[in-house]
There are 2 protein chains.
Amino acid sequence: MNKKTDLRIIRSKHSIKRAFIELLNEKGYEGITIQDIADKAMINRNTFYLHYQNKPDLLNASMDELLEELNSTLNLCSSSKSPVSGSKLEQLMQTILERIQDSTPFYKALLLDENRIYGFQSKMEEIIKNTVEDGLDNTPLKISKELLLQYIASTFMGIVIWWVKNDYSYTPKELASQFGKILTHGHLKAAGISDD
Amino acid sequence: MNKKTDLRIIRSKHSIKRAFIELLNEKGYEGITIQDIADKAMINRNTFYLHYQNKPDLLNASMDELLEELNSTLNLCSSSKSPVSGSKLEQLMQTILERIQDSTPFYKALLLDENRIYGFQSKMEEIIKNTVEDGLDNTPLKISKELLLQYIASTFMGIVIWWVKNDYSYTPKELASQFGKILTHGHLKAAGISDD
DNA sequence: ACTCAAATGTCGCTTAACTAACAAAAAAAT
DNA sequence: ATTTTTTTGTTAGTTAAGCGACATTTGAGT
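About the criteria used
One numbering rule holds for all chains: residues counted from 1, following each sequence as written. Lettering of chains starts at A and numbering of ligands starts at 1, both following the order in which they are written. Confidence filtering applies because this is a predicted model: local features only for residues at pLDDT of at least 70, side-chain atom pairs given and counted only at 80 or more, and all residues used for totals across whole chains, interfaces and linings. Remark: hydrogens and water are excluded; side-chain values derive from all non-hydrogen atoms of the structure. Proximity is defined per residue: if any heavy atom of the residue lies within 4 Å of a molecule or strand, that residue is considered near it. For this analysis, a polar contact is any N or O atom pair within 3.5 Å, provided that within protein one partner can donate a hydrogen and the other can accept it, and provided that sequence-adjacent residues contribute only side-chain to side-chain pairs. In this text, helices come from DSSP runs of H or I with a minimum length of four residues, and strands from runs of E with a minimum of two, each type numbered from the N-terminal end. Following the grouping adopted for this structure description, the nonpolar residues are Ala, Val, Leu, Ile, Met, Phe, Trp, Tyr, Cys and Pro, the charged ones are Asp, Glu, Lys and Arg, and the polar ones are all others, Gly among them. Each copy is superposed on the other by least squares, with the fit set by C-alpha atoms of residues at a pLDDT of at least 70 in both. Only heavy atoms enter the contact rule, under which two residues are in contact if any of them lie within 4.5 Å. Using a 1.4 Å probe on the protein chains alone, a residue whose accessible area is under 20% of its type maximum counts as buried, one over 50% counts as exposed, and one in between counts as partly exposed. The distinction between a cavity and a pocket rests on a 1 Å grid over the protein atoms alone: a 1.4 Å probe fits inside a cavity but cannot get out, while a pocket stays open yet meets protein on both sides within 12 Å along at least five of seven lines, and a residue with an atom within 4 Å of a point counts as lining. Grid points are joined across faces, edges and corners, and a volume is the space filled by probe spheres set on the points. How far each domain reaches was decided by an automatic or database domain assignment.

Identification of chain A as TetR family transcriptional regulator from Paenibacillus rigui is taken from an unreviewed UniProt entry.

Dropping the structure here:
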């Protein structure tokens, strides 16, 4: 639709986001100043305000964009109308890990340690819950759906964070496979979901 | 002096050069179109013409800039007023190799194979000759100075090109050391220059 | 509590870079 | 050889981004 956005706008926004992510990894959100961003992005400080209201605005915009990418990737991948199962969740996990790997510096900055304050984690959890729920539609459950969703989402986040923190010690495929084994041998049966 | 060049100008020129070098490695000089450069640099084609007259102009400007950097580096390093000697030339070689390594993609594009047509090689030779000649001032020679300079420059270029072509098979220090050995055991004595 | 320095937002004014469209030159295709 | 397509330079008008300067706000240091 907006096929013809001015090149300068695209460039400026790109540079700002790139600079922002780099700075996040270098000095953490709080320590970043608008001038820092401007310097690293090679733009004038004023230009920043042409595109974002302030630092939190940039942070939110960046997070939302990143999560939107994740979300649409997940929607594509889980569009197959098969019911939820262990292998389905394993596939989901793999997709998420791959997506993260493609945007490493950003996830690293937002997921690790003290950075979790900014609500990124819970937004990401929400996405996972929704994705799983969509594939869960009319499956009869033996336990509370909300509880199950929360449980699954927590598991996902725990593994993801551990993985990022440990500098991708496994490939997405390997890790997802291990995750799948835990799932099928663990609580899934208890919930009445077939493990394949 | 020009402390305050407009940020946009700096950015544009940088992007153009970066894009140009990448394209040189991707498809070679002849195959590059101005639009290619504009696309990769994320600028409008018109902007290119605000900074360079045409493709050859950009090529020359880039080469001159690169060689100027090399030249000033060499002037700094060979400023020590010691007479020419094997170890001196070895040091010179090492400096050149290190300089090249810092600007790998550009040298790679300009020095290898068919690209040599553009006169980059001979310009670089010239710089080497001048540098060596400066350190040669009033040393009495037993053979023609011009011949000696041409010989040395050719040796340098031969080694450099071989090194770039073979993807930096040695470290600059190692290669320079081997070069030094060839020098001192070879033609230097014949020219009446002490080998230390 | 007070001071000074640094960072934030916002404002005109100027300029580089944008879009779009053009004719001429070069390459490719028929 | 001749049409078609691509690439080249160039122009005119518009817009994003530059610069400098300003009043506030915020934070550290004393």
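Student: Tell me about the protein's contact with DNA strand C, residues and numbers included.
Tutor: In the neighbourhood of DNA strand C, 24 residues make up the surrounding shell, with Arg11 and Thr33 of chain A together with Ser12, Asn46 and Thr47 of chain B lying closest. Here the atoms of DNA strand C within 4 Å of the protein split so that 60% fall in sugar or phosphate, with bases taking the remainder. At a separation of 2.9 Å, a base nitrogen of DNA strand C approaches a polar side-chain atom of Arg45 of chain A. Here Asn44 of chain B contributes a side-chain N or O atom positioned 2.6 Å from a phosphate oxygen of DNA strand C. Breaking the surface near DNA strand C down by element, the ones donating at least two residues are helix H1 (7-31), helix H2 (34-41) and helix H3 (45-51) of chain A together with helix H1 (7-31) and helix H3 (45-51) of chain B. By residue number, the principal contributor to the surface near DNA strand C is H3 of chain B, which donates 5 residues. In terms of residue class, the surface near DNA strand C is made up of 7 nonpolar, 9 polar and 8 charged.

Student: Before we move on, could you go through the relation of the copies chain A and chain B and cite the residues and values that matter?
Tutor: Rotating chain A by 179° and moving it 0.2 Å along the rotation axis overlays it on chain B with an RMSD of 0.1 Å. On the angle and the small slide along the axis, the relation comes out as a two-fold axis. In this assembly, 100% of the residues forming the interface of chain A have copies in chain B that are likewise at the interface, indicating an isologous arrangement.

Student: Break down the environment of Glu133 of chain B for me, citing the residues and quoting the values.
Tutor: All names here are of chain B. Of note, Glu133 is situated in helix H7 (residues 120-134). A relative accessible area of 25% places Glu133 in the partly exposed class. Placed 12 residues apart in sequence, Glu133 and Lys145 show a C-alpha to C-alpha distance of 8.6 Å. Once you skip the residues sitting within four places of it in the chain, Glu133 turns out to touch Lys145 and Leu149.

Student: Please set out the layout of surface pockets residue by residue, giving values where relevant.
Tutor: By volume, the largest pocket amounts to about 1,300 Å³. Along its surface, the largest pocket is lined by 45 residues, and Arg11 of chain A together with Arg8, Arg11, Ser12 and Ser15 of chain B are the ones closest to its centre. Mapped onto the lining of the largest pocket, the elements with two or more residues apiece are H1, H2 and H3 of chain A together with H1, helix H2 (34-41), H3, helix H4 (55-77) and helix H6 (104-111) of chain B. Per-element accounting of the lining of the largest pocket gives the leading share, 12 residues, to H1 of chain B. Here the residues of the lining of the largest pocket sort into 17 nonpolar, 14 polar and 14 charged. Here the second largest pocket defines a volume of roughly 320 Å³. Around the second largest pocket sit 13 residues that line it, and His14, Lys17, Ile21, Glu65 and Glu69 of chain A are the ones nearest its centre. Residue assignment for the lining of the second largest pocket shows that the elements contributing at least two residues are H1, helix H4 (55-77) and helix H6 (104-111) of chain A. Taken together, the residues of the lining of the second largest pocket sort by class into 5 nonpolar, 3 polar and 5 charged. Counting contributing residues, the lining of the second largest pocket receives three or more from each of domain 1 (1-52) and domain 2 (62-190) of chain A.

Student: Run through the protein's contact with DNA strand D, naming residues and quoting values.
Tutor: Lining the immediate surroundings of DNA strand D are 23 residues, of which Arg8, Ser12, Asn46 and Thr47 of chain A together with Arg11 of chain B lie closest. Each atom of DNA strand D within 4 Å of the protein belongs either to a base or to sugar and phosphate, the latter forming 60%. Between a phosphate oxygen of DNA strand D and a side-chain N or O atom of Asn44 of chain A, the distance comes to 2.8 Å. Secondary structure elements with two or more residues in the surface near DNA strand D: H1 and H3 of chain A together with H1 and H3 of chain B. With 5 residues, H3 of chain A is the single largest residue contributor to the surface near DNA strand D.

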